[in-house]
Amino acid sequence: MEAVIGSDEELGHEVSAQSTRTHAAMSRMCRLAAAYDTSEAWATMGTRSCAHWLTVTAGFDLRTSSEVVRVGHAIERLPAIARAFEEGRLSFDKVRAVTTVATADDEAMWLRLALDTAGAQVARICRAVRSALDVNDPRRADDELARRGVRCWWRADGMLELIAVLPREDGAVVLAALDAVAKDL
């Protein structure tokens, strides 16, 4: 067992030093997981994905395993963020958040934000930016059209059951039509 640390200040310094080592180790884990994913060696073991393999061998849940692999691939194209993570200056949580929005062109800005902002704030900012980017993504309309649909059937009691998955604009039209019909009833 390790020796007891004397003062609260020493304890704080040790926590900080240990977190730096932990972040650096997590950086290595992400890089190794991405390399293992690329090699597809996990597939020979009958697992569904590298993330699934990590749940079995490393003890992560599937969501965390997926993020470890994703982050490992993402930092391959973000060298400054990767270096700060490797040095233990960025936590896995911060890197996980910024790699959802950072590009090679704006990496320096995201790195500054991640270094100078608390983890919860970084996550909140990145979620908001990701949401805004998703809304403005031209592929979103195509995705919505591909996922849209209407299913209906007559139930045994004679009632019509209707389920619709529609883009916002189409949904508004359908709701307006249903409201008009409901007023007539």
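Preceding this section is the structure that the text describes.
Now for a quick tour of the structure. (Residues numbered from 1 in each chain as written. Predicted model: local features only at pLDDT ≥ 70, side-chain atom pairs only at ≥ 80, totals over all residues. Heavy atoms only, no water.)

As for the side chain of Arg96
Line of reasoning, step 1. Along the chain, Arg96 turns up in helix H5 (residues 92–98).
Line of reasoning, step 2. Exposure remark for Arg96: the relative accessible area of 19% places this residue in the buried category.
Line of reasoning, step 3. Within the local environment of Arg96, its side chain forms a polar contact with the side chain of Asp93, the two groups lying 2.4 Å apart. (Helix = DSSP H or I, 4+ residues; strand = E, 2+ residues; numbered from the N terminus. Buried < 20%, exposed > 50% of the residue type's maximum accessible area, 1.4 Å probe, protein only. Polar contact = N/O pair within 3.5 Å; in protein donor to acceptor, adjacent residues only side chain to side chain.)

Let's talk about the environment of Val71
Line of reasoning, step 1. When you line up the elements, Val71 lands in helix H3 (residues 62–74).
Line of reasoning, step 2. Looking at Val71, the relative accessible area reads 0%, which means it is buried.
Line of reasoning, step 3. For the pair Val71 and Ala33, spaced 38 residues apart in sequence, the C-alpha separation works out to 9.2 Å.
Line of reasoning, step 4. With residues up to four places along the chain from it excluded, the contact list for Val71 reads Cys30, Phe85, Phe92, Val95, Arg96 and Thr99. (Contact = heavy atoms within 4.5 Å.)

Digging into unusual backbone geometry
Line of reasoning, step 1. With phi around 60 degrees, Glu40 is a residue other than glycine that occupies positive phi space.
Line of reasoning, step 2. Mapped onto the elements, Glu40 comes out in the loop between helix H1 (8–39) and helix H2 (50–57).

Here we look at the nonpolar core
Line of reasoning, step 1. Grouped together as the largest cluster of nonpolar side chains are 29 residues, with contacts concentrated most on Ile81 and Phe85.
Line of reasoning, step 2. Secondary structure elements with two or more residues in this core: H1, H2, H3, helix H4 (79–86), H5, helix H6 (107–116) and helix H7 (119–136).
Line of reasoning, step 3. The greatest single-element share of this core, amounting to five residues, is contributed by H4.
Line of reasoning, step 4. Ignoring any residue separated from it by four or fewer positions in sequence, one finds Ile81 in contact with Leu90, Val95, Val98, Ala102, Glu107, Trp110 and Leu111. (Core = buried A, V, L, I, M, F, W, Y, C linked by side-chain atoms within 4.5 Å.)

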